[in-house]
Amino acid sequence: MKVIESSLNGVKLLQPTVYGDQRGFFLESFNERSFEDLGLETKYVQDNHSLSEEAGTLRGLHYQLNPKAQLKVVRVITGAIYDVVVDLRKESPTYKQWKGYILNQYNHRMLVVPKGFAHGFCTLTRGTNVCYKVDEYYSSEHDRGIIWNDPELRIDWPVKEPILSNKDQLHPMLKDAEINFESEEVQVL
Ligand SMILES: Cc1cn([C@H]2C[C@H](O)[C@@H](COP(=O)(O)OP(=O)(O)O[C@H]3O[C@@H](C)C(=O)[C@@H](O)[C@H]3O)O2)c(=O)[nH]c1=O
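Here the structure is a predicted model, which means the values were calculated and not measured. (Residues numbered from 1 in each chain as written. Predicted model: local features only at pLDDT ≥ 70, side-chain atom pairs only at ≥ 80, totals over all residues.)

**Student:** How should the environment of Ile77 be read in this particular structure?
**Tutor:** By the secondary structure assignment, Ile77 is in strand S7 (residues 72–78). Residues Ile77 and His108, spaced 31 residues apart in sequence, show a C-alpha to C-alpha distance of 8.1 Å. When sequence neighbours within four positions are dropped, the list of residues in contact with Ile77 reads Gln105, Asn129 and Cys131. (Helix = DSSP H or I, 4+ residues; strand = E, 2+ residues; numbered from the N terminus. Contact = placed C-beta atoms within 7 Å.)

**Student:** Whenever I open this one, the UniProt feature "active site" (unreviewed entry) in the chain confuses me. Can you help?
**Tutor:** The feature "active site" (unreviewed entry), as given by UniProt, occupies His62 and Tyr132 in the numbering adopted here. What stands out for the annotated residues spanning 71 residues is how close their C-alpha atoms remain, the widest pair being 13.7 Å apart. Counting through the fold element by element, His62 comes out in strand S6 (residues 58–64). Each residue touching His62, except ones within four places of it in the same chain, is listed here: Ala118, His119, Gly120, Asp143 and Gly145. Among the secondary structure elements, Tyr132 is positioned in strand S12 (residues 128–134). Judged by local crowding, Tyr132 falls into the buried class, with 22 C-beta atoms found within 10 Å. Residues contacting Tyr132, with those up to four places away along its chain left out, are Asn48, Lys72, Val73, Val74 and Arg75. (UniProt positions renumbered as here; feature names shortened; annotations may be inferred. Buried ≥ 20, exposed ≤ 12 C-beta atoms within 10 Å, placed from the backbone.)

See below:
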């Protein structure tokens, strides 16, 4: 497993070792010992799986308020996504900055989304299955969102008219969003 650091402190791309042969491939998506050796979180309490039937489906931008903030490790099983993280840590030098990564069934990349970030993705293919581990339980009371096309963030989504859930059409703009990540540890480099 290789770890590629991002310019957003705490965001990491994980590139697992892939053993391909005539049958297909094998990879370890999680190994407690390797994660520990690489300084990655090892305790997860939920594994989540979503299927988006259509290309151009956008889920996000989501986060959970403290004390239920979640670290996520996201990967794609079938299909492809443009996966976006937004730094919501008010004391971070990269506050309000976003980054997007392509994760697909061929590059096997996994994205570590730290606590204090909003997360969202847009599917690039039909039938996209996304799985992610989280280190804190889902809590509907702490569940929050920011509208996907926030004018301040100006995320360069690959789709202009995405398929959205009813909930995701109604999120506030960043300027009106409730955010409480002040105390998240931010390492200023
Ligand atoms: C996220 C989640 C949802 N649910 C329920 C609530 C709801 O009835 C149904 C669908 O939920 P949502 O519409 O929020 O699902 P979705 O839009 O796929 O939400 C996810 O989006 C991505 C981008 C993330 O980062 C995730 O953390 C999560 O917020 O599933 C759970 O029971 N547990 C969970 O952990």
